[in-house]
Structure formats: C-alpha cells, structure tokens
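Letter by letter, the chains look like this.
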Amino acid sequence: MRLALLSGIPLWIGAALLLSRLRWFSRPRLADRLRPYSPGGSAIAGRAGVFSAASFREVIGPLSSEIGSRVASVFGVDEDLATRLARVHSPLDATAFRVRQLGWSVAGLGIGALAAVGLGVPAVVGLLLVFGVPLLAFLLVEQQLARQSARWQQRLFLELPVLAEQLGMLLSAGYSLGAALNRLAARGKGSCGRDLARVSGRIRQGLSEVDALHEWAALARVDGLDRLVSVLSLNREAGDLGRLISQEARSIRRDVHRQLVEVVERRGQEVWIPVTVATLLPGVIFLSIPFIEAMRLFTET
C-alpha cells in the first residue's frame, strides 16, 4: 500500500505538469488577469492572441466561402447564400455558414478515412468513402438550408391572403401604409410578421415604405408578394387602395386554393401506387404458376 502511494505521487505530479500546459486547465497568470485593466491592455491582449479562434476564423473564412460557392455552383445551386440566410432569418452570415459547412466536410473526411482503413475495403471503395462522405456532408448542410428556404417561402405564400386582407382593412379604416405595416408587424407571429418587423426596421433606418417593401419582395421571391407590393406601390397615387388590395387578396387566395387542389390530387394519385403494386403482384404470381407448368410440359414432350 505504501509502495503504491509513493509511486502514485510522482504520477500525479507529472499529470498535473502536463495538464498545466493546456489552456483550458491551467490557471491564467497574474499578468494576464491584470492586463485588461491596464492602459492599452485590450490592444496588447489582441496582439497576444494571434492564434486565437477568431484569427483562425478570419483566415479560414474566405477560403471556406470560395470553396463552398464553387462546389455549390457545380451542383446547380445558383441562388446567393446570403439571400437564403437572410430569408430564413438565420443568425449566421455567409462566411460562418461556409466555415461550419467546411467543418462538417472535414469531419466526414475523417470518418470516411477511418472507415476505409478500419474496414479494409478495396482501394476503389476506399476512395469513394474518403471523397464521398465529405461531399455528402457538404450537400446535406446545403440541402438543409434549401429546405428551410423553401418552407419559409411556402409559409409566406399561405399567409399572404390574410396579410393582404388585413392591410386592405387597415388602409380603408384610415391608416397610413407605414402605420398599417407597423401594426401588423407588432401583432403578427408568423413568417409575414417576422418579415414585416424587418421591413419596419428598414423604414426606421430611413428607407421609404415602397423601397422597403420592394426589398422584401426581392428577398422573399414569392410571386404573390410581388403582385401585392406592386399594388402597395400605388399608395400615393391611387385613391381607393383598400379596394385594390382586397381584389389582390382574393387573387392570392385563388392561387393558394389552386395549389392546395394540386397537392390533394397529387396525393390522391400517390395513394394508388401501393394499391396498384399490391394488386399486380399477386396477379403476376398467379399467372406465373400456370405459365411455368405449361413450359414444364412443353420441355418434357
């Protein structure tokens, strides 16, 4: 027992010395703790942390953006990444998204290399694992953003008739366009409400109502919203804007109803696929039995 205790003390001291070299384990020095409170301490600290996480992101960010843009364009993604991120109100900017995407690809590269070495697969399969897994990770992150963007556009399209009707009622009641937009932005909780909050913020920054709405339409890329914004652009010219907006709301609602009918009919057709397969498969089996029997008789004769 005493021998084990004596041998454990050097082991503990050595482990403590090794762990003290790690930044997350070691205690900051007194000079480092007092530097932020000294004159010019922040600048000195910034110069000292040359190899910090922020500096690494500054170096890897442009490279990640360039590689990600080229790979995405190869696979047919033409829409700007910053536009899609702004559309879904993502907290990430384009550079941060590409850095995260590159990180997933590097992790996929490591997993593919480990799988190729550990499984002992042939060279061709190993190359497919090494290069295919990081590419798959890159495309999965890209597809996730594309799916979020498409879902946001669909929710915006479905909410547009209600938004247009509310705008028409507020404008007919005497509200100005800016006041109506602010009221709907404050009370709305859906996709249109969040987008209108951004439109109201752009108006407070000095942009006119029409320009802010056109900016929203260019960002959203929804046909119904383009038509609604074109009607709202007549705010200072038309005398009965509420009636025009109500007509546009009915037109958008007809488009939503038409799309809903198409979805219902498509799903109704998809229902018949398993029914047809379930019906044809037993029929093919029952027909194959006499066919095989007839072929056996012909071969025997």
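Undergrad: Explain a nonpolar patch on the surface here, please?
TA: On the surface, Leu281, Ile285, Phe286 and Ile289 cluster together into a nonpolar patch covering about 430 Å² of accessible area. With respect to the helices and strands, phenylalanine 286 occurs in helix 12 (residues 241–300). Given a relative accessible area of 59%, phenylalanine 286 falls into the exposed group.

Undergrad: Before we go on, may I ask you to explain the side chain of arginine 98 in this structure?
TA: With respect to the element layout, arginine 98 can be found in helix 6 (residues 94–119). Accessibility expressed as a relative area gives 5% for arginine 98, which makes it buried. Of the polar contacts made by the side chain of arginine 98, one reaches the side chain of glutamine 101; its length is 2.6 Å. Discounting chain neighbours no more than four positions away, the residues touching arginine 98 are Ser64, Ser65, Gly68, Ser69, Ala72, Leu81, Arg84, Phe138 and Glu142.

Undergrad: Where do I start with the packing of helix 7 (residues 123–172) against helix 9 (residues 191–204) in this structure?
TA: The description of two helices packed together rests on the angle between their axes and the distance between the axes. Relative orientation of the contacting elements helix 7 and helix 9 amounts to 85°, with a least axis distance of 8 Å. Here helix 9 runs roughly perpendicular to helix 7, going by the angle between their axes. Between helix 7, through Trp152, Arg155, Leu156, Glu159, Leu160 and Leu163, and helix 9, the contact on the second element is made entirely by Ser191, Cys192, Arg194, Asp195 and Leu196.

Thresholds, definitions, all that
- Residues numbered from 1 in each chain as written.
- Predicted model: local features only at pLDDT ≥ 70, side-chain atom pairs only at ≥ 80, totals over all residues.
- Heavy atoms only, no water.
- Patch = residues over 30% accessible without salt bridge, like charges linked within 9 Å, V, L, I, M, F, W, Y side chains within 5 Å.
- Areas by Shrake-Rupley, 256 points an atom, 1.4 Å probe, with all protein chains shown as cover.
- Salt bridge = Lys/Arg side-chain N within 4 Å of Asp/Glu carboxyl O.
- Helix = DSSP H or I, 4+ residues; strand = E, 2+ residues; numbered from the N terminus.
- Buried < 20%, exposed > 50% of the residue type's maximum accessible area, 1.4 Å probe, protein only.
- Polar contact = N/O pair within 3.5 Å; in protein donor to acceptor, adjacent residues only side chain to side chain.
- Contact = heavy atoms within 4.5 Å.
- Axes fitted to C-alpha atoms, helices over the stretch in contact; angles between N-to-C directions.
- Parallel < 35°, antiparallel > 145°, perpendicular 65-115°, else oblique.

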